[in-house]
Amino acid sequence: MWRGTTPTHTFTLPDGMTGSEFEVIYITYSQNSHAVLEKEKSQMLFSGNEVVIHLTQEDTLCFEPGPVKIQLRARLPDGQAVASNIISTTAREILKDGEI
């Protein structure tokens, strides 16, 4: 992921599970063991078993160049809490900082 860009991240849930059924859902992005960015249900789109997030330039500029970890956590109406595996990516350096 390049800093200062507007990527779309799509997360695929297990078969039979839809994101819209979650009572609470968060996707957390962290660097150096600190949460840098968090998206909640109102900031997500749901299509079948996919959860889609559109990041802004402001969002991606929150990251320093380097490793980024991503995890989805959610709670179903019956109280069951679930978490995804941790996904790793890299925030890539840009030469001209800031939004364009």
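Quantities reported herein were computed from a predicted structural model and do not represent experimental measurements. (Residues numbered from 1 in each chain as written. Predicted model: local features only at pLDDT ≥ 70, side-chain atom pairs only at ≥ 80, totals over all residues. Heavy atoms only, no water.)

S.K.: Let's hear about the overall build of the chain: which residues, and what values?
M.R.: Helix and strand counts for the chain stand at one helix and eight strands. Reading the chain from its N end, one meets helices and strands in the order β-β-β-β-β-α-β-β-β. Its C-alpha atoms give the chain principal-axis dimensions of about 45 × 25 × 20 Å. Taking all contacts inside the chain whose residues are at least 6 apart in sequence as the whole, residues at least 24 apart take part in 64%. When the accessible surface of the chain is split by element, carbon and sulfur atoms take 49% of a total near 6,300 Å². (Helix = DSSP H or I, 4+ residues; strand = E, 2+ residues; numbered from the N terminus. Contact = heavy atoms within 4.5 Å. Areas by Shrake-Rupley, 256 points an atom, 1.4 Å probe, with all protein chains shown as cover.)

S.K.: Lay out the side chain of H9 in plain terms, naming residues and giving numbers.
M.R.: As for its position among the elements, H9 is in strand β1 (residues 8–12). Exposure remark for H9: the relative accessible area of 14% places this residue in the buried category. When residues no more than four places from it in sequence are discounted, the contact partners of H9 are M1, Y29, V51, V52, I53 and L55. (Buried < 20%, exposed > 50% of the residue type's maximum accessible area, 1.4 Å probe, protein only.)

S.K.: Quick one: what's the story with the pattern of salt bridges, residue by residue and with numbers?
M.R.: The full count for this structure, using the stated rule, is three salt bridges. For R3, the salt bridge is made with D97, and the minimal N-O distance between the two is 3.1 Å. With a gap of 94 residues between them, R3 in the segment before β1 and D97 in the segment after β8 (87–91) connect regions that are remote in the sequence. Residue classification places R3 among the buried positions, given a relative accessible area of 10%. A salt bridge links K39 to D59; the shortest N-O distance between them is 2.8 Å. Here K39, found in strand β3 (residues 34–40), pairs with D59, found in helix α1 (residues 57–60); they are 20 residues apart in sequence, far enough to count as distant. Here K39 matches D59 in class, with each residue buried. (Salt bridge = Lys/Arg side-chain N within 4 Å of Asp/Glu carboxyl O.)

S.K.: Give a detailed account of the packing of aromatic side chains, specifying residues and quantitative values.
M.R.: Counted by the stated rule, this structure contains one aromatic pair. Ring geometry for Y29 and F63: centres 5.9 Å apart, planes at 55°, overall tilted. With Y29 in strand β2 (residues 24–31) and F63 in the loop between α1 and β6 (66–75), this pair connects stretches of sequence that are 34 residues apart. Residue class for Y29 comes out buried when judged on its relative accessible area of 0%. The side chain of R92 reaches across the aromatic face of W2, ending 5.3 Å from its centre. (Phe/Tyr/Trp six-rings, centres within 6.5 Å; stacked < 30°, edge-to-face > 60°. Lys NZ or Arg CZ within 6 Å of the ring centre and 35° of its normal.)

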